[in-house]
Each structure stands twice: as structure tokens, then as C-alpha cells.
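Single-letter residue listing:
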Amino acid sequence: MIVIKDLHKKFGKVTVLDGLNLTFEDKGIHTILGPNGSGKTTLIKSILGMVIPNQGSIEFNGKQILGEWEYRNQISYLPQIAYFPQNLKVKELFQMINDLRPGSKNEAKLISLFQLEPYLDKKLGNLSGGTAQKVNIVITFMFDSPLIILDEPTVGLDPVALIRLKQLIIEEKEKGKTILITTHIMSLVEEISDNIIFILEGKIYFEGKIDSLKEQTKQSNLEKAIANILEETYA
Amino acid sequence: MLKILKYGFFDLMRSRWSYIYFLFYLSLGFILLFLNQDVGKAVITLLNIILILTPLIGTLFGVMYYYNSREFTELLLAQPIKRSNIFLGQYLGIALSLSLSLVLGLGIPFLAYGIFQSSEIFNFFILILIGAMLTFIFVALAFNIALIFEDKIKGFGFAILTWLFFAVIYDGIFLILLLVFDDYPLDKFALFTTVFNPIDLSRILILLKLDISALLGYTGAVFQNFFGTNFGMFSSITVLSFWIVLPVTFIIYKSKRKDF
Ligand SMILES: Nc1ncnc2c1ncn2[C@@H]1O[C@H](COP(=O)(O)OP(=O)(O)O)[C@@H](O)[C@H]1O
Ligand SMILES: [Mg+2]
């Protein structure tokens, strides 16, 4: 589905992606891990065409994405930070998204799943972080796209919402979708990931199953395995 | 693009500032016509206000709108929408809504005064056209500035400097040059330099249409020979159009390469 070759990205003098190669062909849940600032969001935004790479190529279903936009019809994206027009009401935002991108399906179901009914007439600028994140999730999952990209979807969520989100992700996976997630919650990673991608210093440090990462680091626990890698590189 | 244009347009039309801007022109139009019964004189006073105000408001609203809608822009960028359409749509939405305030705000009082029966109708029409063109020019410049500066404060500062430059500083430098090179014939040079300042170009274009070139001093003759003709007018409108097309092209160029 996505083939990334030799991707380089610098912001000013800071090199964030440094010759990254990555291929997602399989359906299922791929988790991108890596320390803060390792370039997870930059990688995701490159796939979406929001960040323009300095070098390298990204193919989506066999086509270069540079300068293209139609391919984004196939993608649902949940940004790390919810970017909302502050003085719009929740209801108006949903209407606007529907107007700009027709074909949403599950809006009503998702609104009730995350109990957003009482907030529909509130301004987006006045929502709490967790509620804004729920709005963010509704906007992402209301489209039926073959690729779903979630950048730290759990931030600010209460336990109930977290469980519902997890169910939602698993449901989508069972529908045969490809899902890309970044998160720092290791229990979630262990529970749902089919494949792990570990980014370090602008490259893919590890890609594969959780078990083989544990084997490689000789740790029985994922959190320790990750910590192990990081400590080695800090040293 | 039309949908984005629509959102930008209505977003601005809903804001209080658009009404203030509209009401300002509306009352200005009525007051001017009330104070001097001569429509011709009203047009001249209006000229001076339009030449200063449309670029200023275009610049300020342009940067303000860009920075205020950054969240919306990021939301759009992840959707299946062409990048250049997002920025062009926003640009057109704001330039059109500001121009509409101008056209309606001044059009209503002048219509009420029977501008259509007046011999000034053509001059009035040119004045409004130039006001609208200046709006499109300065909103485009403002969008470029906002695209370049991530930092809102810097962007605002630079935008205001740009306006100051074209509205005041440019003329100042030009006057100094005239004084320093007093002995040289600078008429042609003066004609040439106006091309690089849309405000000056607009001013001269209208003044010569109004046939008060005496106000322009000794360089007047060259200008009159050039701008007074239909050819001169046609070319200066063309140059003003370039002042819209070039910055808009640069908006597209710049937006395609920017990271969000
Ligand atoms: N638009 C940008 N301009 C400048 N620097 C940026 C920009 N986006 C990200 N960065 C920098 O790139 C690095 C990687 O950021 P990011 O991809 O957000 O990391 P992660 O998501 O893995 O935490 C950070 O050092 C960040 O400061
Ligand atoms: Mg991130």
C-alpha cells in the first residue's frame, strides 16, 4: 500500500528523517514507536503530503504522492494536536467536514459512542482536551477509508473512552483495513499491534513482530525492550 | 476551491470587522456627498482615502485571516483537497468580501445621488475598480508575508512595513531623488518608477483621468502624455493586473513547498 524510499527531512539544521525506508503492504495494525522528537509525526505528515520531504519518495498504491491530493480520499487521519477553528460549534464543524468531504457514514453512531451529544452546541475553543480529542476521533472514523492513521489517539481520553477507542480500532482492523498508530502506551501496543516499527535517529531501527523485538533485546516485556534500546543509544 | 472560497467569504462576512468596514464606506459616501454637492470633488476626496485605506485594510485583514485560520487550514490539508485550491480559495474569499464592502459601501450612496446621470460616472467606476484591484493586490502580498513568517508578530510587523513602504516611504525616497538629481531630466525615470508601486500607479491613473494633472508639478506633462491616453490607461490597468497575478502565483508556489 505504501512504499517509502530513502526519505530525508530537515527542519532548518535539524535532521529529522535521515534516509528512512519503509513498506506497508499488509492489512492490520502497524504501530510506530520512537522517543519524543524522533520524527513519528513528521513521517505521518509526509505520507499525508503536509510535510514536503527534502529527498526520497513515497508511493501510495503504486503512485507517487508528491503534488497529488486524490489519494487522501483513501486516508482517515487523526492529527496529534486537534486543529480546530476555535469559534466554530462542534455541530458546525461536523457539517463543514461533511460538506468538504462527502461520504461520511458513521457520524451519529460515533457521536453517541463517545457521548458527545451534550457538546454539539458548544464552541470548539471551549472544549476540554479530552472532549476535543473525542471530536477528533469522530471526524477520523466517520469516513470509511482503507488506511487509517492515528497520531497519539489516546491523549487526554478517560478510561471508558479509551476502551471504546480500542474496540473501534479492532473493529476497523476486522473490516480489513490498514491502521497506522503512534502511541506511548505500551499496554495498548502489546494488545493490538500486528507489526511494530521503531524509529530512531531518522531511520527504522526495527520492524517486525513484538516477539522478535523481545527476542532481539533479550527482554520479556515490551516496555523494557524499548527502554533497553533507548538506554543503549543514550549511552 | 469554491467551497473553501465560500467558507472564507462567509467567515469574514460574519465577522464584525466586515460590517465596520462596510459601514465606514457607506457613511463616508453619504457624508462626502452631503458636504460637497459637487460629485467631482467628492470623487477626489474619496480617491485619497481609497488609496491609503484599501491597501491598509487589505494587508491587515490578509495577515489576520491567514493566522487566524491556520487551524482550519491544517484540517483541510489532511483532506482530499488540492493544496493550491485551499490557499487560492481563502485568498479569493477574503479579497472578494473586502471588495464587496467597498463596492456596496460606496455604490449605495453614489447611486442614491444619481451617479448614473452624472458625467462623473466613468471616473467613479474607475475609482471603485482601482480600489478593488488594490484590495486584491495587498491581500495577496499579505498572504505571501504570512506564508513566509511562521511567527504571527513578525508577520504583522512586516505586513505593516510593506504597506508603509508603498503608501509613504516609496514616495519619500522618490522625492529625495528628485531633489538630489534636480539637474537631470527625471520625467521618464519617474514614469518608470510608478510601475513598481501599485498605489502611485493608481493615484496617477485616476488624477489624470480627473484632469487635474497640474497638481503633479513639472513631471505632469510626461504623465499626461502617457496616462491621459487610452493606451496609457490600458497599460496601467495591465500593470496593476500583474501586481495581482504575480503575488498570487507566488502564493501557489510558496504554499506547495511549505511544511505544516
Ligand atoms: N514544522 C516544523 N518546523 C520545525 N521543526 C519541526 C517541525 N515539525 C517538527 N519539527 C521538529 O522535528 C522533530 C521531530 O518532530 P516530530 O515528528 O513531531 O516527532 P515525534 O512525533 O516523534 O515526537 C522535533 O525536533 C521537532 O521539533
Ligand atoms: Mg508526534
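Along each chain, numbering runs from 1 in the same order as the chain's sequence is written. By the order in which they are written, chains take letters starting at A while ligands take numbers starting at 1. The predicted nature of this model means local features are confined to residues of pLDDT at least 70 and side-chain atom pairs, given and counted, to a pLDDT of 80 or more, with totals for whole chains, interfaces and linings taken over all residues. The side-chain figures draw on all heavy atoms in the structure; neither hydrogens nor water molecules are used.

Asker: Sorry, what's going on with the overall build of chain B here?
Answerer: In this text, helices come from DSSP runs of H or I with a minimum length of four residues, and strands from runs of E with a minimum of two, each type numbered from the N-terminal end. In terms of helices and strands, chain B carries eleven helices and zero strands. If you list the helices and strands of chain B from N to C, you get α-α-α-α-α-α-α-α-α-α-α. Here the globule rule is a power law, 2.2 Å times the number of residues to the power 0.38, and the radius of gyration is based on C-alpha atoms. Its C-alpha atoms give chain B a radius of gyration of 19 Å, near enough to 18 Å, the size a compact globule of 260 residues would have. Taken along its principal axes, the extent of the C-alpha atoms in chain B is 55 × 45 × 30 Å. Burial classification: accessible surface area is computed with a 1.4 Å probe over protein chains only, and a residue below 20% of its type maximum counts as buried, one above 50% as exposed, and the rest as partly exposed. Relative to its full complement of 260 residues, chain B shows a buried share of 54%. Residue contacts are defined here by distance: any two heavy atoms, one from each residue, within 4.5 Å place the two residues in contact. Relative to all contacts within chain B whose residues are 6 or more apart in sequence, the contacts with residues 24 or more apart total 82%. With 17 positive and 14 negative side-chain charges, chain B shows a spacing of 13 Å between the two charge centroids. Under the convention used here, Asp and Glu are negative, Lys and Arg are positive, and both His and the chain ends fall outside the count. Note on charges: their place is set at NZ of Lys, CZ of Arg, CG of Asp or CD of Glu.

Asker: Which parts of the structure should I look at to understand the coordination of the magnesium ion (ligand 2)?
Answerer: Residues and elements named next belong to chain A. For the magnesium ion (ligand 2), the full set of protein donor atoms is Thr41 (OG1) and Gln80 (OE1), at a range of 1.9 to 2.2 Å. Highlighted residues: Thr41 in helix 1 (residues 40-47) and Gln80 in the loop between strand 6 (75-78) and helix 2 (90-100), separated in sequence by 39 residues. According to the relative accessible area criterion, Thr41 is partly exposed, its value standing at 22%. Using a relative accessible area of 30% as the deciding quantity, one classes Gln80 as partly exposed. The donor definition counts N, O and S atoms within 2.8 Å of each metal and applies 3.2 Å to Na, K and Ca; water is not among these atoms, so some sites may look incomplete.

Asker: What exactly am I supposed to notice about the packing of helix 4 (residues 129-141) of chain A against helix 5 (residues 159-174) of chain A here?
Answerer: Two measures define how a pair of helices packs: the angle their axes make with one another and the distance between the axes. Residue and element names in this part refer to chain A. In this description, a line fitted to the C-alpha atoms serves as the axis of each element, helices being fitted only across the stretch in contact, and the angle between N-to-C directions of two axes falls anywhere from 0 to 180 degrees. In the contact formed by helix 4 and helix 5, the axes pass within 12 Å of each other and the chain directions differ by 10°. On the basis of their axis angle, the class for helix 4 and helix 5 is roughly parallel. Along this stretch, helix 4 crosses helix 5, giving a crossing that reads as left-handed. In this structure, helix 4 contributes Lys134, Ile137 and Phe141 to the contact, and helix 5 contributes Ala161, Leu165, Leu168, Ile169 and Glu172. Here the nonpolar group is Ala, Val, Leu, Ile, Met, Phe, Trp, Tyr, Cys and Pro; Asp, Glu, Lys and Arg are the charged ones; every other residue, Gly included, is treated as polar. Class assignment of the residues belonging to the contact of helix 4 with helix 5 gives a composition of six nonpolar, no polar and two charged. Working definition: roughly parallel below 35 degrees, roughly antiparallel above 145 degrees, roughly perpendicular at 65 to 115 degrees, and oblique for all remaining angles. In a left-handed crossing the near helix is turned counterclockwise from the far helix by less than a right angle, and in a right-handed crossing that turn is clockwise.

Asker: Looking at this structure, I do not really get the pattern of salt bridges. What am I missing?
Answerer: Should the charged atoms of two oppositely charged side chains come close, the side chains can pair. All names here are of chain A. The term salt bridge refers to a side-chain nitrogen of Lys or Arg lying within 4 Å of a carboxyl oxygen of Asp or Glu. Under the definition given, this model contains 19 salt bridges over all chains. Taking the shortest distance from any N to any O, the salt bridge between Lys63 and Glu68 comes out at 4.0 Å. For the salt bridge of Lys91 with Asp121, the shortest nitrogen-to-oxygen distance reads 2.8 Å. Here Lys91 is found in helix 2, whereas its partner Asp121 is found in the loop between helix 3 (107-113) and helix 4, with 30 residues between them in sequence. Given a relative accessible area of 36%, Lys91 falls into the partly exposed group. Through salt bridges with shared partners, a single ionic network connects Lys105, Asp144, Glu172, Lys175 and Lys177.

Asker: Which parts of the structure should I look at to understand the packing of aromatic side chains?
Answerer: The relation between two aromatic rings is expressed through the spacing of the ring centres and the mutual angle of the planes. Residue and element names in this part refer to chain B. Stacked, tilted and edge-to-face are the three classes applied to pairs of Phe, Tyr and Trp rings, where Trp contributes its six-membered ring and a pair requires centres within 6.5 Å; stacked means planes under 30 degrees apart, edge-to-face means over 60, and tilted covers the rest. Overall, the coordinates contain 20 aromatic pairs over all chains when judged by the stated rule. Ring centres of Phe110 and Phe124 lie 4.4 Å apart, and the angle between their planes is 25°; this geometry places the pair in the stacked category. Of this pair, Phe110 sits in helix 5 (residues 83-112) while Phe124 sits in helix 6 (residues 121-148), and the two are 14 residues apart along the sequence. Owing to a relative accessible area of 0%, Phe110 belongs among the buried residues under this scheme. Phe124 gets classed as buried once you look at its relative accessible area, which sits at 7%.

Asker: Help me understand the packing of helix 4 (residues 70-77) of chain B against helix 5 of chain B, please; the structure alone is not making it clear to me.
Answerer: Residue and element names in this part refer to chain B. Contact pair helix 4 / helix 5: the axes reach a minimum separation of 10 Å and the direction vectors enclose 150°. Between helix 4 and helix 5, the crossing angle belongs to the class labelled roughly antiparallel. The interaxial crossing formed by helix 4 with helix 5 has right-handed handedness. Here helix 4 contributes Phe72, Thr73, Leu76 and Leu77 to the contact with helix 5, which in turn contributes Arg83, Ile86, Phe87 and Gln90. Class assignment for the residues of the contact of helix 4 with helix 5 results in five nonpolar, two polar and one charged.

Asker: Teacher, can you tell me more about the interface of chain B and chain A here?
Answerer: Frequently, the measure chosen for interface size is the accessible area that the parts lose on association. Every contact between the two is made by 22 residues of chain B and, on the other side, 24 residues of chain A. Summed over both partners, the accessible surface that disappears when two parts come together, traced with a 1.4 Å probe, is what is meant by buried area. The contact between chain B and chain A buries some 2100 Å² in all, and 59% of this surface belongs to carbon and sulfur atoms. Taken as a group, B:Leu75, B:Pro80 and B:Asp259 account for 26% of the area that chain B buries against chain A, more than any other trio of residues on that side. In this structure, the salt-bridge partner of B:Lys6 is A:Asp99, at a minimum N-O distance of 3.2 Å.

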